[in-house]
Amino acid sequence: MDTTKKNNPVYSTTDNSKVTMSEDAWKKILPPDVFSIARMKGTERAWSSKFENFKETGTYYCAACGNPLFKSDTKFESGCGWPSFYEPISAESMINTPDHSHGMQRTEVQCGRCKAHLGHVFNDGPPPTRLRYCINGVVLDFEKAKEAENTFNSNEK
Ligand code: FE
């Protein structure tokens, strides 16, 4: 866990109780880039995410609160410029909200625990869900799967 997380009292990958805080309180504990996307509904530049061509096995968490969001095996190359997944870790892990901003009809995806803005979900993804969760990498934390789990899941080993 880096220093940023140590300074974030609500960050937990195991506590799934809802987090409600004022924007001022969020501003004090989140790094500026995370705050601007998670709380101000910003969008990172396309192709700017370190997770864009990232293929490690593990779990992605909300960078604002630690809520588990996606398993790496649901990540796929969408070519859209943002990390893309076809299925959330659970039905409760995120909230879908209609978004009519910028003259478009889209569905916004928020963290189910802290309501951080994560990105949008579209209906043009791969099977089995046909969904494309187009997510800002800045609001994702990644944790590599434990070695034993890797070995267990890998056919090559
Ligand atoms: Fe969150």
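Residues numbered from 1 in each chain as written. Predicted model: local features only at pLDDT ≥ 70, side-chain atom pairs only at ≥ 80, totals over all residues. Heavy atoms only, no water.

Asker: Explain the overall build of the protein to me, please; I cannot follow it from the model alone.
Answerer: In terms of regular secondary structure, the protein is built from 4 helices and 9 strands. For the protein, with 157 residues in total, the buried portion stands at 45%. Taking the contacts inside the protein whose residues are at least 6 apart along the sequence as the reference set, 54% of them involve residues at least 24 apart. Per element, the accessible surface of the protein, about 9,000 Å² overall, is 51% carbon and sulfur. Positive and negative charge centroids in the protein, built from 20 and 20 side chains respectively, lie 3 Å apart. (Helix = DSSP H or I, 4+ residues; strand = E, 2+ residues; numbered from the N terminus. Buried < 20%, exposed > 50% of the residue type's maximum accessible area, 1.4 Å probe, protein only. Contact = heavy atoms within 4.5 Å. Areas by Shrake-Rupley, 256 points an atom, 1.4 Å probe, with all protein chains shown as cover. Lys, Arg positive; Asp, Glu negative; His and termini not counted. Charge placed at Lys NZ, Arg CZ, Asp CG, Glu CD.)

Asker: What should I look at first to understand the side chain of lysine 75 in this one?
Answerer: In this fold, lysine 75 is placed in strand β3 (residues 75–76). There is no salt bridge for the buried lysine 75, and the closest opposite charge comes from glutamate 52, which lies 6.1 Å off by N-O distance. A distance of 2.7 Å separates the side chain of lysine 75 from the backbone oxygen of phenylalanine 51, its partner in a polar contact. Ignoring sequence-local partners within four residues, the contact set of lysine 75 consists of Phe51, Glu52, Phe54, Tyr60, Pro83, Ser84 and Phe85. (Salt bridge = Lys/Arg side-chain N within 4 Å of Asp/Glu carboxyl O. Polar contact = N/O pair within 3.5 Å; in protein donor to acceptor, adjacent residues only side chain to side chain.)

Asker: Is there a simple way to think about the sheet that holds strand β7 (residues 117–122) in this case?
Answerer: Each strand in a sheet pairs with another by means of backbone hydrogen bonds, the pair being arranged parallel or else antiparallel. The strand order across the open sheet formed by 6 strands is β3-β4-β8-β7-β6-β5, and the pairing between neighbours is antiparallel. The open sheet has two edge strands, β3 and β5 (94–99), and neither has a second partner. Two elements, β5 and strand β6 (residues 106–111), share 6 bridges in a ladder whose sense is antiparallel. Paired with methionine 94 across the bridge in β6 is cysteine 111. (Pairing = 2+ DSSP bridges.)

Asker: When you look at the coordination of the iron ion in this model, what are you seeing that I'm missing?
Answerer: Octahedral six-donor coordination of a metal ideally yields angles of 90 or 180 degrees, compared with 109.5 degrees for tetrahedral four-donor coordination. Bound to the iron ion on the protein side are Cys62 (SG), Cys65 (SG), Cys111 (SG) and Cys114 (SG), at distances that span 2.3 to 2.4 Å. Angles of 102 to 113° at the metal separate the 4 donor atoms of the iron ion, which places the site in the tetrahedral class. For the iron ion, all donor residues lie on one chain, and their spacing in sequence is C-x2-C-x45-C-x2-C. With cysteine 62 in strand β1 (residues 58–62) and cysteine 114 in the loop between β6 and β7, this pair connects stretches of sequence that are 52 residues apart. Exposure remark for cysteine 114: the relative accessible area of 2% places this residue in the buried category. (Donors = N, O, S within 2.8 Å, 3.2 Å for Na, K, Ca; no water. Tetrahedral: all angles 85-135°; square planar, octahedral: opposite > 155°, others 65-115°.)

Asker: Got a minute to help me understand the packing of aromatic side chains in this structure?
Answerer: How two aromatic rings sit relative to each other is given by the distance of their centres and the angle of their planes. Per the counting criterion, the structure on display carries 8 aromatic pairs. Aromatic side chains phenylalanine 51 and phenylalanine 142 sit 6.4 Å apart centroid to centroid with 55° between the ring planes, which places their arrangement in the tilted category. Here phenylalanine 142 lies in strand β9 (residues 140–144) and phenylalanine 51 lies in the loop between α3 (32–38) and β1, a separation of 91 residues in the sequence. An aromatic cluster of three or more residues is present, and its members are Phe51, Phe54, Tyr60, Phe70, Phe85, Tyr133 and Phe142. (Phe/Tyr/Trp six-rings, centres within 6.5 Å; stacked < 30°, edge-to-face > 60°.)

Asker: Where do I start with the pattern of salt bridges in this structure?
Answerer: Pairing is possible between side chains of opposite charge, provided their charged atoms come close. Enumeration over the complete set of coordinates arrives at 7 salt bridges. Between glutamate 108 and lysine 41 there is a salt bridge; the shortest N-O distance is 2.9 Å. Taken together, the residues glutamate 108 in strand β6 and lysine 41 in the loop between α3 and β1 connect sequence positions 67 residues apart. Residues glutamate 77 and lysine 55 are paired through a salt bridge, measuring 3.1 Å at the closest nitrogen-oxygen approach.

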